[in-house]
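Below, each chain spelled out in residue letters.
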Amino acid sequence: MKLIVAILSLVWTPLAVAQDSVPPAPYAYRQLDDPALEAKAHDLMVTLRCLKCQSQSIADSDAPMAGDMRSQVRQRIAAGEEPEAIRAWLVERYGDYVSYSPRVTAMTWPLFAIPLVLLLVAALLLRKRFGRNVSE
Amino acid sequence: MTGATSKGPRWALWLPLIVFAAFVVLVLFGLFRPADREVQSAMIGKPLPEFALEPAVAERPGLSSADFRGEGPRLLNVFASWCIPCRIEAPQLDALSKAGVEIHGVAIRDTREDVEDFLSQYGNPFARIGKDDLSEVQLGIGSSGVPETFVVDANGIIRYQHIGVIRAEDMDLIMAELRKAGA
């Protein structure tokens, strides 16, 4: 086991080091000077999926690619682009998968419809039950 | 009829259990089916976005979207010297280039020395190599890792995305995709 770990670390460490031999993108680890714009960028970044480490948002991830995505988002926000336009730009390239904020589409509408249907059914059932009690 | 059964048929009593069992089956299915974690680009069939990259090495020119116009198709290979699988695909890229396929490289977050070392060690199948330190082109074409290879036709339209290493057994597939794109 120790041997395996040693071999793995031999393979992976140079990788991580080599990727970092290029300085990170300008706004990967630097916030925008305007706090309002930074807040806008941050709100968007927490809802974008890191494509390298798929369970993290790009705001959470230290992957170099997530840094590049943060830098893009911040620069576009600073240039006056709307957060939803940036999200749409990414969705155009990676599909809905890149966004953590679900959209209503031909495939996802049941997710939004089923809770409403269940609520409606529950309301009907309750009304039937309590209605009968009152009439009795 | 008794009060208990007057509300509905007897089988309705089992309905919640059946729904629950169906849910368990669904969860098990999702757990044991080998899931596809690859992120497909949504740019297939769309034009290559506009870009212009600086040269990554001295002996090859840089790469811009205009280099993909006219007399295609071409391959766009996203690679990096720090990417170990990229070494495995080098012989296949070499063979493609010897077969007359024009291959353009996009080097992700790489230094000139590292790319030069990589090319001298594993061969240089590229006509042009652009330096993409900010993953701009990678994000622009919907690629999420290295290596990835895109077939781009003579009009600059992305026709096919190959995620991961081009293995020896993928060569027929790549050649077929190139033919489909007009080779």
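In this text, all values refer to a predicted model and were calculated from it rather than measured experimentally. Each chain has its residues counted from 1, running along the sequence as written. Each chain gets a letter, beginning with A, and each ligand a number, beginning with 1, in the order they are written. Local features in a predicted model are, by the rule used here, given only for residues with pLDDT of at least 70; side-chain atom pairs are given and counted only at 80 or more, and totals for whole chains, interfaces and linings are based on all residues.

**A short note on the packing of helix H2 (residues 35-45) of chain A against helix H4 (residues 83-94) of chain A**
All names here are of chain A. What counts here: Only the stretch in contact is used when fitting a helix axis, every axis being a line fitted to C-alpha atoms; angles between N-to-C directions are given from 0 to 180 degrees. The secondary structure listing takes helices from DSSP runs of H or I that are at least 4 residues long and strands from runs of E that are at least 2 residues long, numbered from the N terminus. Each crossing is labelled by how the near helix is turned from the far one, with a counterclockwise turn of less than a right angle marking it left-handed and a clockwise turn marking it right-handed. Any residue pair is listed as a contact if its two C-beta atoms, each placed from the backbone, are within 7 Å. Classes in brief: Ala, Val, Leu, Ile, Met, Phe, Trp, Tyr, Cys and Pro nonpolar; Asp, Glu, Lys and Arg charged; the others, Gly included, polar.
At their nearest, the axes of H2 and H4 sit 10 Å apart, and the two run at 35° to each other. At the point where H2 passes H4, the crossing takes the right-handed sense. Within the contact between the two elements, H2 uses Lys40, Asp43 and Leu44 and H4 uses Pro83, Ile86 and Arg87. Considered class by class, the residues forming the contact of H2 with H4 number 3 nonpolar, no polar and 3 charged.

**Quick look at the nonpolar core**
Applied cut-off: Here, a nonpolar core denotes buried Ala, Val, Leu, Ile, Met, Phe, Trp, Tyr and Cys residues that are linked to one another through C-beta atoms within 7 Å. For every residue, the other C-beta atoms within 10 Å of its own C-beta are counted; 20 or more classify it as buried, 12 or fewer as exposed, and values in between as partly exposed. C-beta atoms are placed from the backbone.
Ala80, Val106 and Ala107 of chain B are the most contacted members of the largest nonpolar core, which has 40 residues in total. Contributions of two or more residues to this core are made by strand E3 (74-79), helix H2 (84-98), strand E4 (102-108), helix H3 (112-122), strand E6 (148-152), strand E7 (158-163) and helix H5 (171-180) of chain B. Filtering out sequence-adjacent residues up to four positions away, Ala107 of chain B remains in contact with Ala56, Phe79, Ala80, Val115, Ile129, Lys131 and Asp132 of chain B. Core analysis: the second largest hydrophobic core is formed by 17 residues, Leu48, Ala66, Val73 and Tyr94 of chain A among them.

**A look at the environment of Thr105 of chain A**
Take Thr105 of chain A: it is sitting in the loop between H4 and helix H5 (109-135). Given 9 C-beta atoms within a 10 Å radius, Thr105 of chain A is considered exposed.

**Section: the sheet that holds strand E5 (residues 128-132) of chain B**
Residue and element names in this part refer to chain B. Under the convention used in this document: Two strands make a pair as long as DSSP finds a minimum of two bridges between them.
In spatial order, the strands read E5-E4-E3-E6-E7; together these 5 strands make up an open sheet with mixed pairing. With partners counted over all chains shown, the strands left at the sheet margins are E5 and E7, one partner each. Averaged over neighbouring strand pairs, the angle between their axes works out to 20° when direction is ignored. Here E4 runs beside E5; their pairing, made up of 5 bridges, is parallel. Within the sheet, the bridge partner assigned to Val106 lies in E5 and is Gly130.

**A closer look at H5 of chain B**
Residues and elements named next belong to chain B. Let me state the cut-off plainly: The directions considered for the arc are those from the helix axis to the C-beta atoms.
Of all the residues in H5, the buried ones are Ile174, Glu177 and Leu178. Taken down its axis, H5 places every buried residue within 100° of arc, on the same side. Along H5, the residues that are exposed and aim more than 90 degrees away from the buried face are Asp172, Ala176 and Arg179. Residues of H5 that are buried make contact with H2, E6 and E7. Looking at the residues trailing H5, positive phi occurs at Gly182, about 110°.

**What to know about the UniProt feature "transmembrane region" (unreviewed entry) in chain A**
Spelled out, the test is: UniProt positions are given in the numbering used here, feature names are shortened, and annotations may be inferred rather than shown by experiment.
Mapped onto the present numbering, the UniProt feature "transmembrane region" (unreviewed entry) falls on residues 107-126 of chain A. Secondary structure over residues 107-126 of chain A splits into 90% helix and 0% strand, and the C-alpha atoms at its two ends are 31 Å apart.

**Considering H3 of chain B**
All names here are of chain B. What H3 keeps buried is the set Val115, Phe118 and Leu119. The buried residues of H3 occupy one face: seen down the axis, they fall within an arc of 95°. What points out from H3, more than 90 degrees from its buried face, is the exposed set Glu113, Asp117, Ser120 and Gln121. Of the surrounding secondary structure, the elements contacted by the buried residues of H3 are E4. The positive-phi residue at the C-terminal boundary of H3 is Gly123, with phi of around 95°.

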